[in-house]
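Overview (structure and organization)
One-letter residues, chain by chain:
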Amino acid sequence: MNSLIKITARCLRSGAQAYLPRPADGRTWSAPARFLCADVKKDLGEIVKKDKVVVFMKGTPAQPMCGFSNAVVQILRMHGVDEYAAYNVLEDQDLRQGVKDFSNWPTIPQVYFNGEFVGGCDILLQMHQNGDLVDELQKLGISSALLNAEKESK
Amino acid sequence: MQGGLLPHPLMLPTVLRCARPISTSLALSRPLAHFRPHMDPDPSRPVERAIRSKLTNTLQPDYLEVHNESHMHAVPPGSESHFRVLVVSSQFEGLALIKRHRLVNEALKEELSSCVHALAIQAKTPEQWGSNPTLAKSPPCMGGSRGDHTVEEKLKGGRE
């Protein structure tokens, strides 16, 4: 019964909207969905390296579908990070499970910096609170808006 | 009415659903002001018990809090799907945050692959806890669990 529900859900999802995981800056990931299903691990290895900041989340930055995913979006926004790739795991169950296997991390959201797994919402929040996030963004060549704001106030 | 819910538009349908009479013994024996912040172990909550016991055995914490936050999310009452844990252990000393979280994930691997859908983690050394003894708060739910088949399956798994 469960697998029937899964198959039906998948058909409804793919039927209603031919929707591929789309990065936040509007670029469309061009490979077809079946390619993603066939070798998710290999694809993820490429996906996480393609952009400096990569987020796997529920929903989109414009419309997050989860409070924890939304927290990640808000933190990045606070630091002025607008250019990042965001992949909506709710659009693709293979991606959703694949990224958990790939990162060996059981939950969503997941954040990658320069191809390296950083952690989820809790870690990003703590990095934001203890100042580490500003430093890590600096290493990526991204100047945090909070760092700039601090400089301007001096 | 669930007192623990935050007033967010998306939560309204959940509140209305919960207003229906629920005939499980869990609901009857539990007053609506159940969502208390302190930590007495609840024998009728097997997942919470398992989480507490596994974290205790693996990490020998100086201090441990396990919070079932399922009531804050779009899942049925009595669910054990969303948790927040605070672990204070000297085993975390010298470890980066991600390594600490991985230790917690590893200890709870079974629960995370079956019924637990979300796990918020605070992993502190005794010194860090001493200088800042506060529990972080989870952000408001945005309803993502509603109609989510993965979550539905996990909830069924928890009841078996």
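In what follows, the structure referred to is the one given above.
This text gives an overview of the structure that appears in the document. (Residues numbered from 1 in each chain as written. Chains lettered and ligands numbered in written order. Predicted model: local features only at pLDDT ≥ 70, side-chain atom pairs only at ≥ 80, totals over all residues. Heavy atoms only, no water.)

The next point concerns the sheet that holds strand β1 (residues 63-68) of chain B. All names here are of chain B. The sheet built from three strands is open, its strands ordered β1-β2-β3 with mixed pairing. Two strands in the sheet have a free side with no partner beyond their single neighbour: β1 and β3 (118-124). Direction aside, the axes of adjacent strands within the sheet are offset by 10° on average. Of the strand pairs in this sheet, strand β2 (residues 82-88) and β3 are connected by seven bridges, and their pairing is parallel. For L86, the partnering residue across the bridge sits in β3 and is Q122. (Pairing = 2+ DSSP bridges. Helix = DSSP H or I, 4+ residues; strand = E, 2+ residues; numbered from the N terminus. Axes fitted to C-alpha atoms, helices over the stretch in contact; angles between N-to-C directions.)

Here we come to the interface of chain B and chain A. Contacts between the two partners involve 25 residues from chain B, matched on the other side by 26 residues from chain A. For the chain B face of the interface with chain A, the top three residues by lost area are L97, R102 and M142 of chain B, together amounting to 24%. Here chain B and chain A share one salt bridge between them. A salt bridge links D148 of chain B to R96 of chain A, with the nearest nitrogen and oxygen atoms 2.9 Å apart. Taken together, the links from chain B to chain A amount to eight residue pairs in polar contact (both at pLDDT 80 or more). When residues of the side of chain B that touches chain A are traced back to their parent elements, those giving at least two are α4 (97-107), β3 and α7 (149-159) of chain B. Of the residues in the side of chain B that touches chain A, the class split is 11 nonpolar, nine polar and five charged. (Contact = heavy atoms within 4.5 Å. Buried area = accessible area lost by both parts, 1.4 Å probe. Salt bridge = Lys/Arg side-chain N within 4 Å of Asp/Glu carboxyl O. Polar contact = N/O pair within 3.5 Å; in protein donor to acceptor, adjacent residues only side chain to side chain. Nonpolar A, V, L, I, M, F, W, Y, C, P; charged D, E, K, R; others polar.)

Bringing helix α6 (residues 121-130) of chain A into the picture now. Among the residues of α6 of chain A, C121, D122, I123, L124, Q126 and M127 of chain A are the ones counted as buried. Phi turns positive one or two residues past the end of α6 of chain A, at G131 of chain A, with a value near 90°. (Buried < 20%, exposed > 50% of the residue type's maximum accessible area, 1.4 Å probe, protein only.)

This paragraph deals with the pattern of salt bridges. Residue and element names in this part refer to chain B. Enumeration according to the criterion identifies seven salt bridges over all chains in this entry. The closest approach of N and O atoms between K54 and E110, which form a salt bridge, is 3.4 Å. Of this pair, K54 sits in helix α3 (residues 46-59) while E110 sits in helix α5 (residues 109-113); the two residues are 56 residues apart in sequence, bridging distant segments of the chain. Residue class for K54 comes out partly exposed when judged on its relative accessible area of 22%.

Take the nonpolar core next. Membership of the largest hydrophobic core comes to 43 residues, with the highest contact counts inside it found for V53, V55, F56, Y84 and F113 of chain A. With six residues, helix α4 (residues 67-78) of chain A is the largest single contributor of residues to this core. In this view, F113 of chain A contacts K52, V53, V118, L124, M127, L133, E136, L137 and L140 of chain A; residues no more than four positions away in its chain are not counted. Within the second largest apolar cluster, 19 residues are counted, among which are V47, L59, V85 and L119 of chain B. (Core = buried A, V, L, I, M, F, W, Y, C linked by side-chain atoms within 4.5 Å.)

Further remarks concern the side chain of S144 of chain A. All names here are of chain A. In this fold, S144 is placed in the loop between α7 (132-139) and α8 (145-152). A distance of 2.8 Å separates polar atoms of two side chains, one belonging to S144 and the other to H79. Discounting chain neighbours no more than four positions away, the residues touching S144 are H79, V134 and L137.

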